[in-house]
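# Report on the structure
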Amino acid sequence: MAQRILTGIKPTGQLTLGNYIGVLRDLPKMMDKGECIFFIADLHALTLPIDPEVLRQNSIDLASFYLAAGLDPEKVTLFLQSSVSAHAELNAIMQNYLYMGELSRMTQFKDKSAKMKESAIGLGLFAYPVLMASDIILYDSDVVPVGEDQIQHIELTRDLVNRFNNRYGPVLKEPHYQVRKVGARIMSLSDPTTKMSKSDPKGDIYLKDDMKTVRKKIMSAVTDSGSEVKYDPENKPGISNLLTIYAVLSDISIEEAEKRFVGYRYGDFKKAVADVVVAELEPFQQKYQQIIDNKEYEKALQIGAKKAEAMARPVLNRVKKAVGLLDI
Ligand code: AQP
């Protein structure tokens, strides 16, 4: 059987250049490497307060961005998580095999909950990795392409699979994560020591930003003292982040990018970075707009939900049988 490649993105906000470089840009290349299962993690988006209309719009945008990146809906399975009820059903089972202690150690939970009053932290935010593990397990996924921040959740999924299989026999498939060597963690342009994140608007480049705004944001990105364009994330986080963006979008190595900018002043270097970002985003946005105008996402999501349901149901049934749930 071809390997199964699965990834999801939450429609919590407008997609950033971080989401694009970390995951989205690579997805079309995977269509020939295995069976691709890509979804909009809309149930996950409910783990933090979100306006219903904003969630609807974000989900449409995200589906359209997936397609604009070059995915062929006939070749991949593209769907809304909430359209396939097996995700929630498997979650209800799997929540019994992950424990409070390990969930409370998840960095993403600690970061997100640290900004909230305890009385406002929903159970869904705490139990987020259970649903994420269920998403992955449900398709017998082999490979999960993610940005660096999601590695911990995949490791936890692997722990869950081993724990479950030790108890019930070889029921679940063990997934592996796949992260980019360069660009797995694009940093904020205003604070290059923190991750560029769609729910934290400072320092983001949004995939929907107009090109003038993109250029302005890059030209005013925080850089470092000194004048050399050199990759040194510890001492030059701002320049290193811009070099990373340039290298990935130009399909060259960091070393090659460094060589191109020997003797450049920061201002001229930033202009070159802005040029490659604009050259990438402008046609991407045009495709996105065409998909939105023709509502191409609707049919793609309908076909995808049916295909996903057909893949998920047998795995769910296998798990139900293993734990002793009757099938009458
Ligand atoms: N800055 C980033 N650099 C590289 N990859 C990134 N990803 C996110 N930010 C960066 C990767 O994008 C995928 C989608 O992530 P998600 O929507 O499931 O949530 P996330 O990881 O929490 O991403 P955000 O943008 O930070 O969302 P919010 O602000 O809603 O929490 C993942 O594979 C992620 O690693």
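Data block above holds the structure.
Per chain, residue numbering runs from 1 following the sequence as it is written. Per-residue local features are limited, in this predicted model, to residues with pLDDT of at least 70; the limit for side-chain atom pairs, both in listing and counting, is 80 or more; totals at the level of whole chains, interfaces and linings are taken over all residues. For side-chain calculations, the full set of non-hydrogen atoms in the structure is used, while hydrogens and water are omitted.

## Concerning the layout of surface pockets
Counted as a void, the largest pocket has a volume near 1000 Å³. Lining the largest pocket are 45 residues, and of these Q108, D149, Q150, K195 and S197 lie nearest its centre. Counting from the N terminus, the helices are DSSP H or I runs at least four residues long and the strands are E runs at least two residues long. Among the elements of the structure, β1 (4–9), α1 (17–22), α6 (107–114), α8 (128–137) and β4 (143–145) are those that each provide at least two residues to the lining of the largest pocket. A class-by-class count of the residues in the lining of the largest pocket yields 17 nonpolar, 17 polar and 11 charged. Here a cavity is any set of points on a 1 Å grid over the protein atoms alone where a 1.4 Å probe fits but cannot get out, and a pocket is any open set with protein on both sides within 12 Å along at least 5 of 7 lines; a residue lines the site when it has an atom within 4 Å of a point. Grid points are joined across faces, edges and corners, and a volume is the space filled by probe spheres set on the points. Roughly 260 Å³ of internal volume is contained in the second largest pocket. When its residues are assigned to classes, the lining of the second largest pocket shows 8 nonpolar, 4 polar and 3 charged. All residues other than Ala, Val, Leu, Ile, Met, Phe, Trp, Tyr, Cys, Pro, Asp, Glu, Lys and Arg, Gly among them, are scored as polar; the first ten of these are nonpolar and the last four charged.

## Let's talk about the site of the ligand
Any residue with a non-hydrogen atom lying within 4 Å of a molecule or strand is treated as near it. Taken together, 22 residues are adjacent to the ligand, and K112, D149, S197, K198 and S199 come closest. For the purposes of these results, a polar contact is taken to be a pair of N or O atoms within 3.5 Å, where, inside protein, one atom must be able to donate a hydrogen and its partner to accept one; residues adjacent in sequence count only when each atom of the pair is a side-chain atom. Residue K195 places a side-chain N or O atom 2.7 Å away from an oxygen atom belonging to the ligand. Here the accessible surface of atoms and residues is derived via Shrake-Rupley with a 1.4 Å probe, and residues count as covered only by protein chains that are part of the display. Contact with the protein chains covers 98% of the free accessible surface of the ligand, which is 640 Å². Put simply, the parts of the chain that give the shell around the ligand at least two residues each are α1 and α6. Considering only residue class, the shell around the ligand consists of 6 nonpolar, 10 polar and 6 charged.

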